[in-house]
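# Geometric and topological summary
For reference, the chains in residue letters:
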Amino acid sequence: MFLISELAKRVGVSRTTLLYYEKLGVIRGQRLDNGYRVYTELDAQRLTLAMQLQAGGLSLKECIACLNGKIDKGILSERLHLLDEEIVQKQKARKLLSGLLGESSNRDFHAQLNELAPQAHYEWLLQQGFTEKEAQRIRWLSKDMNTHDQYMQDFLTVFEPLTRWGPGDESDTLKAMSYISDNADSILEIGSGKGLSTCLLAEHSNAQITAIDNEPIAVTNLVELIDSKGYAEQVTPMCASMSELPFKAHSFDAILAESCVYIMGFEEALKQWQTVLKADGLIIVSDLVWLTSKPNEKYQSFWSTEYPAMTNVDTRLMQAKKLGFEVLDDFTISAKAWQNYWQPLQARVNALKASMPESQAIKDIQRELDIYQSHDGSQFGYHFFVLRRKEL
Ligand SMILES: C[S@@+](CC[C@H](N)C(=O)[O-])C[C@H]1O[C@@H](n2cnc3c(N)ncnc32)[C@H](O)[C@@H]1O
């Protein structure tokens with residue numbers, strides 16, 4: 001037998017709460033001759049059970065019905081479903097907190113944060129002291145900060161000797177470039193990599209070309225390439241960031257940015273870049289998009305972490321129009337453009353794998369290569385958008 005104070009202590013609730021439970025019939029106290037109320041072991045157990053059921057989301061009335069053997073299966077399965085959802089949310093919250101404390105894998109942590117709140121994640125990384133370039137990479141690669149330098153070094157070891165750093169083909173680039181007027185006298189290329197398209201621009205226009213990339217190795221290669229091709233007078237290479245363009249407003253007739261708009265995000269990039277365009281200037285970008293309304297689960301799950309903001313062509317067109325652009329053309333790059341990229345990349349990874357067996361960068365690149373190679377071109381693709389800034 002328990003006195004009310006003993007029972008309250010055992011189950012961890014106040015006396016008032018116990019009296020309330022008693023009023024509802026969860027427990028049944030007996031009054032002794034001396035006036036004290038006492039409770040049995042059964043009362044204690046009924047209370048424990050009722051409280052557990054309440055924690056599972058049942059109302060007190062539903063708990064009592066359960067205790068009295070009147071189980072409503074519909075209500076229980078509904079509560080069970082809600083409980084499962086709550087557990088999933090709580091697990092996500094837990095992962096986030098343990099990531100912030102540095103207790104869980106940084107990689108998962110960044111992938112989760114990036115999916116949940118990409119812009120806030122980026123700003124948080126800057127606050128942690130990462131440079132803009134590092135933050136963009138961490139955000140994009142969801143990589144492990146603890147092995148940051150090694151990861152970047154491995155990444156560059158793979159890519160440095162390759163000519164293409166993204167999918168592309170001369171015929172696709174020329175088609176997109178054909179919209180640039182012959183009278184254009186200044187063109188900006190953003191994320192120019194090693195300068196393949198920069199040379200195409202120089203060859204097919206009389207304009208002065210400025211090519212920017214924030215990777216010094218890319219700019220060094222670009223300088224060598226334009227020197228060797230005799231374009232040094234026409235092309236100005238710069239190591240600069242796409243998100244802090246060091247140019248005056250209305251400086252360029254056209255901007256070309258192949259396979260790099262994802263770094264800033266499509267809309268943000270258009271918003272910022274258009275300020276350096278002349279009236280009626282063009283922005284030509286290629287971006288990875290869904291080509292089907294029902295992507296296969298395998299590709300969806302891969303790109304949801306690698307490119308969370310990925311969407312379809314119609315959405316991108318709508319976004320561009322909303323920002324005041326007229327769409328002159330849009331088209332998906334050819335299968336050859338993909339092969340130009342992944343075939344030399346796969347050969348390079350194959351050559352390096354044995355000497356870098358533990359490299360996370362190599363593993364990640366191979367994962368991406370597997371996705372490209374298993375893909376028949378119907379699910380996703382790089383898509384060119386040729387956009388004209390409407391006169392303001
Ligand atoms: C996928 S590659 C594309 C290169 C080239 N446009 C092509 O299509 O082959 C992306 C390029 O963007 C550059 N990049 C990344 N972040 C950048 C930034 N914040 N500002 C300028 N360039 C950046 C990379 O160094 C790389 O050369």
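Because the structure is a prediction, the values reported are computed rather than measured.

## What about the packing of aromatic side chains?
Evaluated as defined, the whole model comprises 16 aromatic pairs. Among the aromatic residues, those joined into a cluster by ring pairs are Trp290, Tyr299, Phe302, Trp303, Trp338, Tyr341, Tyr372, Phe380 and Tyr382. We note Lys175 situated over the ring of Phe331; from NZ or CZ to the ring centre the distance is 4.0 Å.

## Focus on the site of the ligand
By nearness alone, 16 residues border the ligand, and Gln136, Gly191, Asp213, Met242 and Glu258 come closest of all. Asn214 is positioned such that a nitrogen or oxygen atom in its side chain is 3.2 Å from a nitrogen atom of the ligand. Across the complex, the protein chains shield 91% of the 590 Å² of accessible surface that the ligand would expose by itself. A breakdown of the residues in the shell around the ligand according to their chemical character gives six nonpolar, seven polar and three charged.

## Here's the deal with the UniProt feature "domain: HTH merR-type" (unreviewed entry) in the protein
Mapped onto the present numbering, the UniProt feature "domain: HTH merR-type" (unreviewed entry) falls on residues 1-69. As annotated, residues 1-69 has a helix share of 59% and a strand share of 10%, and its two end C-alpha atoms lie 24 Å apart.

## Overview of the nonpolar core
In this structure, Ile180, Trp303 and Phe380 are the most contacted members of the largest nonpolar core, which totals 54 residues. A total of seven residues in this core trace back to one element, the largest contributor, which is helix H16 (residues 335-353). Phe247, Phe266, Trp273 and Val289 belong to the second largest nonpolar core, which has 28 residues in total.

Basis of the calculations
Residues numbered from 1 in each chain as written. Predicted model: local features only at pLDDT ≥ 70, side-chain atom pairs only at ≥ 80, totals over all residues. Heavy atoms only, no water. Phe/Tyr/Trp six-rings, centres within 6.5 Å; stacked < 30°, edge-to-face > 60°. Lys NZ or Arg CZ within 6 Å of the ring centre and 35° of its normal. Near = heavy atom within 4 Å. Polar contact = N/O pair within 3.5 Å; in protein donor to acceptor, adjacent residues only side chain to side chain. Areas by Shrake-Rupley, 256 points an atom, 1.4 Å probe, with all protein chains shown as cover. Nonpolar A, V, L, I, M, F, W, Y, C, P; charged D, E, K, R; others polar. UniProt positions renumbered as here; feature names shortened; annotations may be inferred. Helix = DSSP H or I, 4+ residues; strand = E, 2+ residues; numbered from the N terminus. Core = buried A, V, L, I, M, F, W, Y, C linked by side-chain atoms within 4.5 Å. Buried < 20%, exposed > 50% of the residue type's maximum accessible area, 1.4 Å probe, protein only.

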